[in-house]
Amino acid sequence: MTATSPDPTGLPYHRMARYSPHHRWWRPLVGTVVLVFVSLLATGILYLITDEIGWAVGYPELPDGGADFGPITNTGLDLAFIALNLPLVLLVVLWLGRRPAGTVASVAGRPRWRWLGWCLLAAVPPMVLLPVVAGFLPGDEGDGGGSDVWVGWQTFLVSLAMLVVLVPLQSAAEEYVFRGWLLQATGAYLRSPWLAVLPQAALFAAAHGWGTPWGFADLLVFGAVAGLLTIRTGGLEASIALHALNNLLAFGVSAAYVDGLASDETAADAPWQLALIDMVSVLLFAAIVLWLARRRHPQHLSAPPPEPTGAYWSYGQVPGAYGPYGQVLGGYGPYGPHPQQPGAPWPYPQQPGAQAPVAPWPYAPPQGNHGPYPPPQGNHGPYPPPPPNATVPGPTAAPSGPGGPSPAGPGAAPTGAEGPGPATPEGAASSPAAPGGASGPGGPSSAVPGDGPGSEGGPSPATLGAASDAAASRLAAPGDAPGPDAPGSAELGAVSGRPAASGPADPIPQQSRRSQDS
């Protein structure tokens, strides 16, 4: 059971014939004619077939001309043929009404089984009260006109099993025909529920035959109350519960006596005492159901009627760009049902909680990389750096010229600039000059024992470059002893700042000699 529809544009039960975008004024009328015709035709054919089978087998003939299979079988056939109207109603609603078949069951579009259970419980007190009170009334013929002889437990239990199976189906079929299709067909033209219930109530009473005025009035009240309860609760559950228990009680009492089920009497033949008690019980049931409806709040209005949105599907869908099926209202975009993250730099939907990348390029660079390509190992610029031990600590040597003092003493390494700077030509670093190396023309060199005299002017770039290369070559091979033209151990110690180690001399590398020769 669902809650009451909050949408005020929904339809009440008796207006459900309009719950279709294909509703036309003629559909309820044509559907009624087709339903009556097909029901009578199917019932006549089935009776004819069963009679032929009975006569062929040798069953006796009834006064009305049909085959007599016995009270239990005859009653079962009658109930089964009435129950066949239930699928007929559903087919007429689906094909001619052009709406879901479940809309004849309730405004929810389906039978509401939980609410049906509550209605069955509500029908128990009136149905228990009815036979108890009727037993004390004079002139009661509640046994259906049969004898007062007990039929026996075996026959009674067989009859009761048949009734339990077929009576609910027969009662539901009658409710689907009268309180279902006929009530909705009338409500397609009449808005007032009070006017809509009257035609089906009169047809319901007439379908049971004309017996006594009290019997007809009892059936008329039953049809009107059942119709109003159907509209008030939004479905057939209350009327089916009342009808099924009422018929089970009536057929059960008849089955308890000999020839009770063989009687041709119906509810239309009830005497005034029984008719009066039955009307009181129906009103009592209505009061209980209305009290339950105020507490349980069954849905009594349908959802808003669908609107036609295309030519390729029967019922209106929510408009959408991707097919005939309804789309989620407030869709998230053309790429999928997932919400777009605010400020996301990509067009695809992300899962909730996804974070945008913070890198300025699509793929994260390797750790510590600052460009698209990794630089050579240990390279920090376009030119190779000077050797790490080429820097000579100490005061900056003053340039020497003609008559200028030489800052170097015996066994000391020359001093120069601490690294390449603006005044250093060709990027040459200040390096100790090789012993025995002569300065080029135009400039002095840092003097060590064995150096030749310098010339006037600045130092020669070639000479400084050759000296730097020679020192770099010697420092690149630690452990080698100084040769005849190489700086001594004391000089290397002065350059590196560590005590010099003595060892055998080795010749100056070929690269340093070529530099000095140049």
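Only a predicted model underlies this, so the values are computations on that prediction, with no experimental measurement involved.

A word on the overall build of the chain. For the chain, the helix and strand inventory stands at 12 helices and 0 strands. Beginning at the N terminus, the succession of helices and strands in the chain can be written as α-α-α-α-α-α-α-α-α-α-α-α. Taking all 518 residues of the chain together, 36% fall into the buried category. For the chain, the share of sequence-separated contacts (at least 6 apart) that also reach a separation of at least 24 residues comes to 70%. When the accessible surface of the chain is summed, it comes to about 28800 Å², and 66% of that surface belongs to carbon and sulfur atoms.

Over its 31 residues, helix H1 (residues 27-57) extends 44 Å from the first C-alpha to the last, a length consistent with the 45 Å expected when each residue adds 1.5 Å. On its buried face, H1 is in contact with helix H2 (71-83), helix H3 (85-95) and helix H5 (153-187).

Let's shift gears to the packing of aromatic side chains. Any pair of aromatic rings gets described here by the distance separating the centres and the angle formed by the planes. Scanning the model with the defined rule gives 8 aromatic pairs in all. Both rings, one in Trp150 and one in Trp153, keep their centres 5.2 Å apart while their planes meet at 70°; by these two values the pair is edge-to-face. For Trp153, a relative accessible area of 58% gives the class exposed. Considering the side-chain rings of Trp150 and Phe156, the 5.4 Å spacing of their centres and the 45° angle between planes classify their relative orientation as tilted. A relative accessible area of 41% means that Trp150 is categorised as partly exposed. One cation-aromatic arrangement involves Arg179 over Phe204; the distance from NZ or CZ to the ring centre is 4.3 Å.

Our focus in this paragraph is the nonpolar core. Grouped together as the largest cluster of nonpolar side chains are 49 residues, with contacts concentrated most on Val89, Tyr176, Trp181, Leu229, Phe285 and Val289. Of all the elements in the fold, those that place two or more residues in this core are H3, helix H4 (113-134), H5, helix H6 (193-207), helix H7 (213-233), helix H8 (237-255) and helix H9 (272-296). The element contributing the most residues to this core is H5, with 9 residues. Not counting the four nearest positions on each side in its chain, Tyr176 is found in contact with Leu86, Val89, Leu90, Val104, Ala105, Pro111, Trp181, Leu236 and Ile240. By size, the runner-up hydrophobic cluster in this structure holds 9 residues, among which are Phe156, Met162, Leu166 and Leu261.

Relative to the helices and strands, Asn246 resides in helix H8. A distance of 3.2 Å separates polar atoms of two side chains, one belonging to Asn246 and the other to Asp278. Beyond its immediate chain neighbours, meaning those up to four positions away, Asn246 contacts Met127, Phe222 and Asp278.

Evaluation of the coordinates by the stated rule reveals 2 salt bridges. When the shortest N-O distance is used, the salt bridge between Glu237 and Arg112 registers 2.9 Å. Of this pair, Glu237 sits in helix H8 while Arg112 sits in the loop between H3 and H4, placing them 125 residues apart in sequence. We note that Glu237, like Arg112, is buried. Notably, a salt bridge pairs Arg179 with Glu175, separated by 2.6 Å at the nearest N-O pair. Here Glu175 and Arg179 lie together in helix H5, a separation of 4 residues that amounts to about one turn. The exposure classification of Arg179 matches that of Glu175, with both residues buried.

Where H7 meets H8, the closest approach of the two axes is 8 Å, and the angle between their N-to-C directions is 145°. On H8, the residues that touch Phe222, Ala226, Leu229 and Thr230 of H7 are Ala238, Ser239, Leu242, His243 and Asn246. For the contact of H7 with H8, the residue count by class is 5 nonpolar, 4 polar and no charged.

Attention now moves to the environment of Pro306. Structurally, Pro306 can be placed in the loop between H9 and helix H10 (461-475). Given the relative accessible area of 18%, Pro306 is considered buried.

The subject of this paragraph is the environment of Arg114. Within the secondary structure, Arg114 is located in helix H4. Under the relative-accessibility criterion, Arg114 is labelled exposed at 56%. Distance from Arg114 to Glu237, taken between C-alpha atoms, is 9.5 Å for residues 123 residues apart in sequence.

Right, let's get into a negative patch on the surface. On the surface, Glu61, Asp64, Asp264 and Glu265 cluster together to form a negatively charged patch. For Glu61, the position within the fold is in the loop between H1 and H2. Since its relative accessible area comes to 55%, Glu61 is described here as exposed.

What follows covers the confidence of the model for the chain. Should the pLDDT be low somewhere, the predicted coordinates at that spot are not to be read in detail. On average, residues of the chain carry a pLDDT of 72, and 56% of them reach 70 or more. Counted against residues more than four places away or in other chains, residues 1-7, with its pLDDT under 50, gives 19 contacts. Counted against residues more than four places away or in other chains, residues 310-334, with its pLDDT under 50, gives 29 contacts.

This part takes up H6. Compared with an ideal rise of 1.5 Å per residue, which puts 15 residues at 21 Å, H6 spans 22 Å between its outermost C-alpha atoms and is within 8% of the ideal. Taken as a whole, H6 has its buried residues at Ala196, Val197, Gln200, Ala201, Phe204 and Ala205. The buried side chains of H6 occupy one side of the element, clustering within an arc of 150° when seen end-on. Along its buried surface, H6 packs onto H5, H7 and H8. At the C-terminal side of H6, Gly209 shows a positive phi close to 90°.

Reading the values: the criteria
Residues numbered from 1 in each chain as written. Predicted model: local features only at pLDDT ≥ 70, side-chain atom pairs only at ≥ 80, totals over all residues. Heavy atoms only, no water. Helix = DSSP H or I, 4+ residues; strand = E, 2+ residues; numbered from the N terminus. Buried < 20%, exposed > 50% of the residue type's maximum accessible area, 1.4 Å probe, protein only. Contact = heavy atoms within 4.5 Å. Areas by Shrake-Rupley, 256 points an atom, 1.4 Å probe, with all protein chains shown as cover. Expected span 1.5 Å × (residues − 1). Phe/Tyr/Trp six-rings, centres within 6.5 Å; stacked < 30°, edge-to-face > 60°. Lys NZ or Arg CZ within 6 Å of the ring centre and 35° of its normal. Core = buried A, V, L, I, M, F, W, Y, C linked by side-chain atoms within 4.5 Å. Polar contact = N/O pair within 3.5 Å; in protein donor to acceptor, adjacent residues only side chain to side chain. Salt bridge = Lys/Arg side-chain N within 4 Å of Asp/Glu carboxyl O. Axes fitted to C-alpha atoms, helices over the stretch in contact; angles between N-to-C directions. Nonpolar A, V, L, I, M, F, W, Y, C, P; charged D, E, K, R; others polar. Patch = residues over 30% accessible without salt bridge, like charges linked within 9 Å, V, L, I, M, F, W, Y side chains within 5 Å. Lys, Arg positive; Asp, Glu negative; His and termini not counted. Charge placed at Lys NZ, Arg CZ, Asp CG, Glu CD. pLDDT = per-residue confidence, 0-100. Arc of directions from axis to C-beta.

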